[in-house]
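Structural overview
Here are the chains, one letter per residue:
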Amino acid sequence: DTAVSQTPKYLVTQMGNDKSIKCEQNLGHDTMYWYKQDSKKFLKIMFSYNNKELIINETVPNRFSPKSPDKAHLNLHINSLELGDSAVYFCASSQVAPTSATGELFFGEGSRLTVL
Amino acid sequence: GQSLEQPSEVTAVEGAIVQINCTYQTSGFYGLSWYQQHDGGAPTFLSYNALDGLEETGRFSSFLSRSDSYGYLLLQELQMKDSASYFCAVAQTGANNLFFGTGTRLTVIP
């Protein structure tokens, strides 16, 4: 069983479109995250949810909207896609909050978004 | 804000030992994590140091010096499969995320 799973794995779309990425974890963790990894491999936190409540909302455009229907799911919806949104988006979860207690995140396999 | 510095690339020979350094600047430092990421794959957790000293897990060890704001990952008996990117990441007191460095690409050659 996959611990943190994301769909789709690949996404190719045109500028201006709206798309969603889904994430599910079966680890029983309370905290979930979205990270963005750009072409230079820099991993940047976007959002963090603890038990369905938003904790962190870093400086990302409001075209990005996370939704957590329950603590096992954290989806990412992106409106009006731009070329600069092309990246790999990673969902992650952690057993404890704050993360600083163990420093351990469990990542999904990533969703590679290409905006044409 | 936070900043982490790692070498961008390291090359080492199979069977050798390699050390990947990480220096950091952050407020409310709590601990330093290390992650491995193969091309096209997900980052996977390797180790975490909250206290000064060396933590050993098999062929991998991680070291932290809080007074020097410095840590390193030591990989011994290098194997070809160790070719990957390695990231250090800081955990801040009470923060609910990790701040990642830019990563070090390790290439192991025969």
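Here we summarise the structure given alongside this text. (Residues numbered from 1 in each chain as written. Chains lettered and ligands numbered in written order. Predicted model: local features only at pLDDT ≥ 70, side-chain atom pairs only at ≥ 80, totals over all residues. Heavy atoms only, no water.)

1. A short note on the overall build of chain B
Across its full length, chain B holds 0 helices and 11 strands. In summary, chain B has a C-alpha radius of gyration of 13 Å against a globular reference of 13 Å for 110 residues, a match within 12%. Once the C-alpha set of chain B is aligned to its principal axes, its extents read approximately 45 × 30 × 20 Å. In chain B, buried positions account for 50% of the 110 residues. Residue pairs at least 24 apart in sequence account for 57% of intrachain contacts in chain B once pairs closer than 6 positions are excluded. Total accessible area on chain B is roughly 5000 Å²; 49% of this is exposed by carbon and sulfur atoms. (Helix = DSSP H or I, 4+ residues; strand = E, 2+ residues; numbered from the N terminus. Rg over C-alpha atoms; globule rule 2.2 N^0.38 Å. Buried < 20%, exposed > 50% of the residue type's maximum accessible area, 1.4 Å probe, protein only. Contact = heavy atoms within 4.5 Å. Areas by Shrake-Rupley, 256 points an atom, 1.4 Å probe, with all protein chains shown as cover.)

2. Looking at the interface of chain B and chain A
Counting residues at the interface gives 25 residues for chain B and 26 residues for chain A. Between chain B and chain A, roughly 1900 Å² of surface is buried when both sides are summed, and carbon and sulfur atoms account for 56% of that area. Area buried by chain B at its contact with chain A is led by Asn96, Asn97 and Phe100 of chain B, which between them contribute 32% of it. Applying the counting criterion to the chain B and chain A interface returns 1 salt bridge. For the pair chain B and chain A, the number of links is 5 residue pairs in polar contact (both at pLDDT 80 or more). Among the residues forming the side of chain B that touches chain A, the class breakdown is 12 nonpolar, 12 polar and 1 charged. (Buried area = accessible area lost by both parts, 1.4 Å probe. Salt bridge = Lys/Arg side-chain N within 4 Å of Asp/Glu carboxyl O. Polar contact = N/O pair within 3.5 Å; in protein donor to acceptor, adjacent residues only side chain to side chain. Nonpolar A, V, L, I, M, F, W, Y, C, P; charged D, E, K, R; others polar.)

3. Description of the packing of aromatic side chains
Overall, the coordinates contain 15 aromatic pairs over all chains when judged by the stated rule. Here the aromatic rings of Tyr35 of chain A and Phe100 of chain B are separated by 5.5 Å at their centres, their planes lie at 85°, and the arrangement is edge-to-face. Linking Tyr35 of chain A in strand β4 (residues 31-37) with Phe100 of chain B in strand β10 (residues 98-100), this pair reaches from one chain into another. Residue classification places Tyr35 of chain A among the buried positions, given a relative accessible area of 0%. For Phe100 of chain B, a relative accessible area of 1% puts it in the buried group. With a centroid separation of 6.1 Å and an interplanar angle of 70°, the aromatic rings of Phe107 of chain A and Phe100 of chain B are classed as edge-to-face. With Phe107 of chain A in strand β10 (residues 106-107) and Phe100 of chain B in strand β10, the pair connects residues from two separate chains. One exposure class covers both Phe107 of chain A and Phe100 of chain B, and it is buried. (Phe/Tyr/Trp six-rings, centres within 6.5 Å; stacked < 30°, edge-to-face > 60°.)

4. Considering the state of the cysteines
Under the counting rule described, the total for this entry stands at 2 disulfides over all chains. Here Cys23 of chain A pairs with Cys91 of chain A through a disulfide, and the sulfurs are 1.9 Å apart. Looking along the S-S bond of the Cys23 of chain A-Cys91 of chain A disulfide, the torsion reads about -75°, which is the left-handed sense. With Cys23 of chain A in strand β3 (residues 19-25) and Cys91 of chain A in strand β9 (residues 87-94), the pair connects residues that are 68 residues apart, well separated along the chain. You'll find Cys23 of chain A and Cys91 of chain A in the same group, each marked buried. Each sulfur in the disulfide pair Cys22 of chain B and Cys88 of chain B lies 2.1 Å from the other. When the S-S torsion is 75°, as for the bridge of Cys22 of chain B with Cys88 of chain B, the disulfide is right-handed. Residue Cys22 of chain B is located in strand β3 (residues 18-25), and its partner Cys88 of chain B is located in strand β9 (residues 84-92); the two are separated by 66 residues in the primary sequence. Across the pair, Cys88 of chain B and Cys22 of chain B agree in class, each one buried. (Disulfide = S-S within 2.5 Å.)

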